[in-house]
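Examining the three-dimensional arrangement
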Amino acid sequence: MPCVLLTGATGYIGSHTWLALLAAGLEVVGLDNFANSSPRVLDRLAELAGRPVTFEQADVCDAAALAQVFSRHRIDAVVHFAAHKAVGESVQQPLRYYRNNIAGLLGVAQTMQDHGVFRLVFSSSATVYGQPESLPITEDAALATTNPYGTTKLVGEQLLAELQACDARWQIARLRYFN
């Protein structure tokens, strides 16, 4: 059965995705550092899943920890949700956002490549559209950002597009959420 590494696994979207992946018959290794969540989520996930969950506490910016996770588990694909996510906070702490969101993505992608894993779902954001020229926003709308958080997501998308263009082994999906 295929195994998915789910980063940011104990966050709101991550925890719901974890249950959906399990329901689809996939194995899931959850990874989180609890920066935006609580370890208590793991108990609730196990209860809802009806079985123990596989979890690794690590930071996506820690290359050695990521390599250990990939060495301990047979990972087939990654769903990357781990990121700082508050627009206002990103304006107050832009370097913290760039370091975590961009370096974390690069660390995950590098570790994937090092272990021969080339399937990735990237959690982006509708903030990559900036101030839209018209509504509703379509996927082909112009991209522009108005804050550091949005910039980290757009840069992440651009990095992944370049990676995919340079190496045809990569299969990458980008999700842009609205709220």
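As a reminder, the structure under discussion sits directly above these lines.
Nothing here was measured: the structure is a model prediction, and the numbers come from that model. (Residues numbered from 1 in each chain as written. Predicted model: local features only at pLDDT ≥ 70, side-chain atom pairs only at ≥ 80, totals over all residues. Heavy atoms only, no water.)

So, the sheet that holds strand β5 (residues 119-123)
Strand-to-strand pairing in sheets goes through backbone hydrogen bonds, with the strands running parallel or antiparallel. Taken together, six strands build an open sheet; the order of strands is β3-β2-β1-β4-β5-β6 and the sheet is parallel. The two strands at the open ends of the sheet, each matched to only one other strand, are β3 (54-57) and β6 (171-175). Taken pair by pair, the neighbouring strands of this sheet meet at an average axis angle of 15 degrees, ignoring direction. Judged from the five bridges that link them, strand β1 (residues 3-7) and strand β2 (residues 27-32) form a sheet pairing that is parallel. Bridging across to β2, Leu6 finds its partner in Gly30. In this fold helix α6 (residues 148-166) packs onto β5 and β6, with an angle of close to 160 degrees to the strand it touches most, β6. (Pairing = 2+ DSSP bridges. Helix = DSSP H or I, 4+ residues; strand = E, 2+ residues; numbered from the N terminus. Axes fitted to C-alpha atoms, helices over the stretch in contact; angles between N-to-C directions. Contact = heavy atoms within 4.5 Å.)

Details of helix α1 (residues 12-23)
The end-to-end C-alpha separation of α1 is 17 Å, in line with the 16 Å expected for 12 residues at 1.5 Å each. Regarding α1, the residues found buried are Gly14, Ser15, Thr17, Trp18, Leu21 and Leu22. Down the axis of α1, the sector holding all buried residues measures 160 degrees, keeping them to one side. Away from the buried face of α1 by more than 90 degrees, exposed residues Tyr12 and Ala23 are located. Positive backbone phi, approximately 90 degrees, marks Gly25, located one or two places after α1. (Expected span 1.5 Å × (residues − 1). Buried < 20%, exposed > 50% of the residue type's maximum accessible area, 1.4 Å probe, protein only. Arc of directions from axis to C-beta.)

Comments concerning unusual backbone geometry
Residues other than glycine predominantly adopt negative phi, and peptide bonds predominantly adopt the trans conformation. The amide bond that connects Leu135 to the next residue, Pro136, takes the cis arrangement and shows omega of 0 degrees. Note on placement: Pro136 falls in the loop between β5 and α6. One non-glycine residue, Phe34, lies in positive phi territory at about 65 degrees. Here Phe34 is to be found in the loop between β2 and α2 (40-49).

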